[in-house]
Amino acid sequence: MMNIMRFKGLPILQQLHIEEQLLRTSSDNWCIINDGTCDPTIVMGVSGKPAELLEIESVLRDQVPVIRRFTGGGTVIVDCGTIFVTFICNKEAVSDLQPYPRPIMSWSGLLYSKVFQGIGDFHLRENDYVFGNHKFGGNAQSITKSRWIHHTSFLWDFDVRNMSYLKLPKRAPAYRFARGHLDFICRMKDYMPRSTFIDKTVEAASTQFSLRSFELEEIETLSETESNPSTRLLSAEELEADVIAGR
Amino acid sequence: MALRMWASSTANALKISCASKAHLSPAFSLSRCFSTVLDGLKYADSHEWVKHEGSVATIGITDHAQDHLGEVVFVELPEAGGSVSKGKGFGAVESVKATSDVNSPISGEVVEVNSKLTETPGLINSSPYEDGWMIKVKPSSPSELESLMGPKEYTKFCEEEDAAH
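None of these values were measured; they are calculated from a predicted model.

### Points about the side chain of A:T152
Residue and element names in this part refer to chain A. Mapped onto the elements of the fold, T152 is located in strand β10 (residues 147-155). On the basis of relative accessibility, which here comes to 3%, the residue T152 falls in the buried class. Each residue touching T152, except ones within four places of it in the same chain, is listed here: I83, F84, V85, Y112, Y129, G137, G138 and N139.

### Considerations on the sheet that holds strand β5 (residues 76-78) of chain A
Residues and elements named next belong to chain A. Strands sit in the order β5-β3-β4-β12 across an open sheet of 4 strands; the sheet is mixed. Either end of the sheet is taken by a strand with one partner, and the two such strands are β5 and β12 (232-233). Here strand β3 (residues 41-44) runs beside β5; their pairing, made up of 3 bridges, is antiparallel. Residue pairing for β5: T41 is matched across the bridge by V78.

### Brief notes about the pattern of salt bridges
When the charged atoms of two side chains lie near each other, side chains of opposite charge can form a pair. All names here are of chain A. Under the definition given, this model contains 13 salt bridges over all chains. Notably, a salt bridge pairs R194 with D35, separated by 2.6 Å at the nearest N-O pair. One end of the pair, R194, is in helix α6 (residues 194-206); the other, D35, is in strand β2 (residues 30-37), and 159 residues separate them in sequence. D157 serves as the salt-bridge partner of K189, at 3.2 Å between the closest nitrogen and oxygen. In this pair, K189 is assigned in the loop between α5 (181-184) and α6 and D157 in the loop between β10 and α5, connecting sequence segments 32 residues apart. A relative accessible area of 38% places K189 in the partly exposed class. Taken together, the shared-partner salt bridges in this structure form one network comprising K8, D35 and R194.

### Quick look at the side chain of A:T86
Residues and elements named next belong to chain A. For T86, the position within the fold is in strand β6 (residues 82-90). Classification of T86 as buried rests on a relative accessible area of 0%. A polar contact of 2.5 Å, which involves the side chain of T86, links it to the side chain of E19. With near-sequence residues (within four places) excluded, T86 lies in contact with Q15, E19, W30, C31, I32, I149, H150 and H151.

### Points about the UniProt feature "domain: Lipoyl-binding" (unreviewed entry) in chain B
Those places that UniProt annotates as "domain: Lipoyl-binding" (unreviewed entry) correspond, in this numbering, to residues 56-138 of chain B. For residues 56-138 of chain B, helix accounts for 18% and strand for 43%, while the C-alpha atoms at its two ends are 5 Å apart.

### Description of the UniProt feature "modified residue: N6-lipoyllysine" (unreviewed entry) in chain B
Taking the UniProt record as the reference, the feature "modified residue: N6-lipoyllysine" (unreviewed entry) is found at B:K97. If you trace the backbone, B:K97 turns up in the loop between β6 (89-95) and β7 (98-103). If we ignore the near neighbours within four places in the chain, the residues touching B:K97 are A:G72, A:G73, A:G74, A:M105, A:N127, A:D128, A:N139, A:A140 and A:Q141.

### Here's the deal with the packing of aromatic side chains
Residues and elements named next belong to chain A. One pass over the full model with this rule turns up 21 aromatic pairs over all chains. Measuring from centroid to centroid gives 5.5 Å for F87 and W107, while their planes differ by 85 degrees, and the two rings are edge-to-face. In this pair, F87 is assigned in strand β6 and W107 in helix α4 (residues 101-115), connecting sequence segments 20 residues apart. Per residue, the accessibility class of F87 equals that of W107, and both read buried. Seen from their ring centres, F131 and F136 are 4.1 Å apart, and the 5 degrees between their planes marks the pair as stacked. Grouping residues by exposure puts F131 and F136 together as buried. Site record: aromatic cluster; members linked through ring pairs are Y112, F116, F122, Y129, F131, F136, F154, Y191 and F197. Sitting above the plane of the F158 ring, R187 keeps its charged end 4.0 Å from the centroid.

### With respect to the pairing of β10(A)
All names here are of chain A. A large share of β10 lies buried, amounting to 9 of its 9 residues. Residue alternation in β10 divides its side chains into two sets, R147, I149, H151, S153 and L155 and W148, H150, T152 and F154, and both sets are buried. Inspection of the sheet shows β6 paired to β10 by 9 bridges, in the antiparallel sense. From the neighbouring strand, V85 faces β10, where its bridge partner is T152. With 7 bridges joining them, strand β9 (residues 134-143) and β10 adopt antiparallel strand pairing. Opposite G138, over in β10, you have S153 as the bridge partner. Following β9, the chain reverses through 3 residues before pairing antiparallel with β10.

### Considering the state of the cysteines
Inspection of the entire model under this criterion finds 0 disulfides over all chains. A:C31 supplies the cysteine sulfur nearest to A:C89, a cysteine that is in no disulfide, at a spacing of 8.9 Å.

Calculation rules
Starting from 1, residues in each chain are numbered consecutively following that chain's sequence as written. Think of it this way: whatever chain is written first is A, whatever ligand is written first is 1, and the rest follow in order. In view of the model being predicted, local features appear only for residues whose pLDDT reaches at least 70, and side-chain atom pairs are presented and counted only at 80 or more, with totals across whole chains, interfaces and linings using the full set of residues. Computation of side-chain values covers all heavy atoms of the structure but excludes hydrogens and water. Under the scheme used here, helices are H or I runs from DSSP no shorter than 4 residues and strands are E runs no shorter than 2 residues, and both carry numbers assigned from the N terminus. Only protein chains enter the area calculation, which uses a 1.4 Å probe; residues under 20% of their type maximum are buried, those over 50% are exposed, and those in between are partly exposed. Throughout, a contact is declared for two residues whenever any of their heavy atoms are within 4.5 Å. At least two DSSP bridges between two strands are needed for those strands to be called paired. Should a side-chain nitrogen of Lys or Arg be within 4 Å of a carboxyl oxygen of Asp or Glu, the pair is scored as a salt bridge. N or O atoms closer than or at 3.5 Å make up a polar contact, with two conditions inside protein: a donor-capable atom paired with an acceptor-capable one, and, for residues adjacent in sequence, both atoms drawn from side chains. UniProt positions are given in the numbering used here, feature names are shortened, and annotations may be inferred rather than shown by experiment. Pairs were defined over the aromatic rings of Phe, Tyr and Trp, the Trp ring being its six-membered one, requiring ring centres within 6.5 Å. Orientation was assigned from the angle between planes: stacked under 30 degrees, edge-to-face over 60, tilted for the rest. We call a charge positioned over a ring when the NZ of a Lys or the CZ of an Arg lies within 6 Å of the ring centre and within 35 degrees of the ring normal. Only a pair of cysteine sulfur atoms within 2.5 Å counts as a disulfide in this structure description.

Right, dumping it as structure tokens:
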């Protein structure tokens, strides 16, 4: 059984808080789909260093929000053209799946290969979803003692100007070959309509789980323990201090 | 999947066995277990190890765990002076795209934290039982150690876990 919640334009900070709460306090399996987020927002992984990853001056000048999330992985800038899909599962939810990064990543690749069957030379390349050698989906995970989360941001569309807030990361997949952002990524809209992608993802999930729709108001009654998420918005002072510390 | 894991674990086990120090010896041969399991340590089912020496217990993650996690790029550790509880998370490791909780096998007060892991998180991969130690704890309930697995039991646990998947 898997609970499925669908949102449209939910702020990414709120989405991440919900995910962190469900990972740590729920015992159910969940699929969360957020069709776009309202404002352009930078989201870094748990160990991300702003001064290394971002053009801080531009970020501060344009007041782009910067979030540090609870999962690993790299930095993205998300907006209304981003589609988010998240799976939160108990260790036993997928039979024969070891709760470690690589098996979970492979499982996700198989699930999405059903979504993109026959479309655009889709595959999981290192830890990214690609058409050919162009990335359109980035992944991150968090694994606890008895549960795991695998979440993805899909570039259905993106604003070229937003990419200028991100530096070229020091840690990059080998297949990137030092390509700049615009040569490395591609738009999913060139391959599949938005609603088709979401419908096919739900269909792929339904081949493995019985899906039950959930509304946001229902989960607020589920957890009796107080949630204290580690995902948070970084302040301008913190961003500036990171630049100074790096000098 | 099994063949890939065998190849990577075998290479890793050979690396560890070449570097093993005299006072910590591999308990079992490659034919029984593809990750190194050491004598003299106790093990949790969440793949952490404990070495109890006098009033201090040293804790880290096992060779099996580091091999399955992949290259560790960041380690989150508590501060000295804090407390840990048996079975509860005290920190996390990040390997490529994933953060993975690290759980304490015992309860107690954190007396020392391995600061080398900030600059060199890869020590957890290259030396999980020695240079890659994570925290030192003053146990509050030494009897908790008795409920942990010994080397033979942990080896069997790993074999069964890998065989089941």
